[in-house]
Amino acid sequence: RPSYEEMLRFYSYYKQATAGRCQGPRPGFWDPIGRYKWDAWHSLGGMSKEEAMAAYVAEMKKVAQK
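What you see is a predicted model, and the numbers here were worked out from it, not measured in a lab. (Residues numbered from 1 in each chain as written. Predicted model: local features only at pLDDT ≥ 70, side-chain atom pairs only at ≥ 80, totals over all residues. Heavy atoms only, no water.)

Engineer: Go over the packing of aromatic side chains with me, naming the residues and quoting the values.
Structural biologist: Per the counting criterion, the structure on display carries three aromatic pairs. Taking the centre distance of 6.2 Å and the plane angle of 85 degrees together, the rings of Tyr-4 and Tyr-36 count as edge-to-face. A residue pair is termed long-range when its members are at least 10 positions apart, and Tyr-4 in helix H1 (residues 4-19) and Tyr-36 in helix H2 (residues 32-42) qualify at 32 residues. On the basis of relative accessibility, which here comes to 42%, the residue Tyr-4 falls in the partly exposed class. Seen in terms of ring centroids, Phe-10 and Tyr-56 are 5.3 Å apart; in terms of plane orientation they differ by 55 degrees. Their pairing is tilted. A residue pair is termed long-range when its members are at least 10 positions apart, and Phe-10 in helix H1 and Tyr-56 in helix H3 (residues 49-64) qualify at 46 residues. On the basis of relative accessible area, Tyr-56 is assigned to the partly exposed category, the value being 29%. (Phe/Tyr/Trp six-rings, centres within 6.5 Å; stacked < 30°, edge-to-face > 60°. Helix = DSSP H or I, 4+ residues; strand = E, 2+ residues; numbered from the N terminus. Buried < 20%, exposed > 50% of the residue type's maximum accessible area, 1.4 Å probe, protein only.)

Here is the structure:
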């Protein structure tokens, strides 16, 4: 099973590839999971959808080799 950090990377690459750049406001203090997800996605900045797709596949290959 992938680690929590790997799952956050998968989530961020998926969101970047399907929805584009993170535009919404950061979730509040009482939603820590939402904040972790938002931070991971927001950290990708202006990465293109194609780059995010390639990064997702590369991350998947890396995790599968473990």
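Engineer: An account of the side chain of Gln-16 is requested, with residue identities and associated values reported.
Structural biologist: Locating Gln-16 in the fold gives a position in helix H1. Here the side chain of Gln-16 touches Met-47 through a polar contact of 2.8 Å, landing on its backbone oxygen. (Polar contact = N/O pair within 3.5 Å; in protein donor to acceptor, adjacent residues only side chain to side chain.)

Engineer: Which residues make up the UniProt feature "domain: ACB" (unreviewed entry) in the protein, and what are the values?
Structural biologist: Under the local residue numbering, the UniProt record ascribes the feature "domain: ACB" (unreviewed entry) to residues 1-66. Span residues 1-66 is 65% helix and 0% strand, its end C-alpha atoms 10 Å apart. (UniProt positions renumbered as here; feature names shortened; annotations may be inferred.)

Engineer: Could you give an account of the packing of H1 against H3, with specific residues and numbers?
Structural biologist: Relative orientation of the contacting elements H1 and H3 amounts to 155 degrees, with a least axis distance of 8 Å. Considering their axes alone, H1 and H3 lie roughly antiparallel with respect to each other. For H1 against H3, the interelement crossing comes out left-handed. Contacts from Glu-6, Arg-9, Phe-10, Tyr-13, Tyr-14, Gln-16, Ala-17, Thr-18 and Ala-19 of H1 reach H3 at Lys-49, Ala-52, Met-53, Ala-55, Tyr-56, Glu-59, Met-60 and Val-63. For the contact of H1 with H3, the residue count by class is 11 nonpolar, two polar and four charged. (Axes fitted to C-alpha atoms, helices over the stretch in contact; angles between N-to-C directions. Parallel < 35°, antiparallel > 145°, perpendicular 65-115°, else oblique. Left-handed = near helix turned anticlockwise from the far one by under 90°. Contact = heavy atoms within 4.5 Å. Nonpolar A, V, L, I, M, F, W, Y, C, P; charged D, E, K, R; others polar.)

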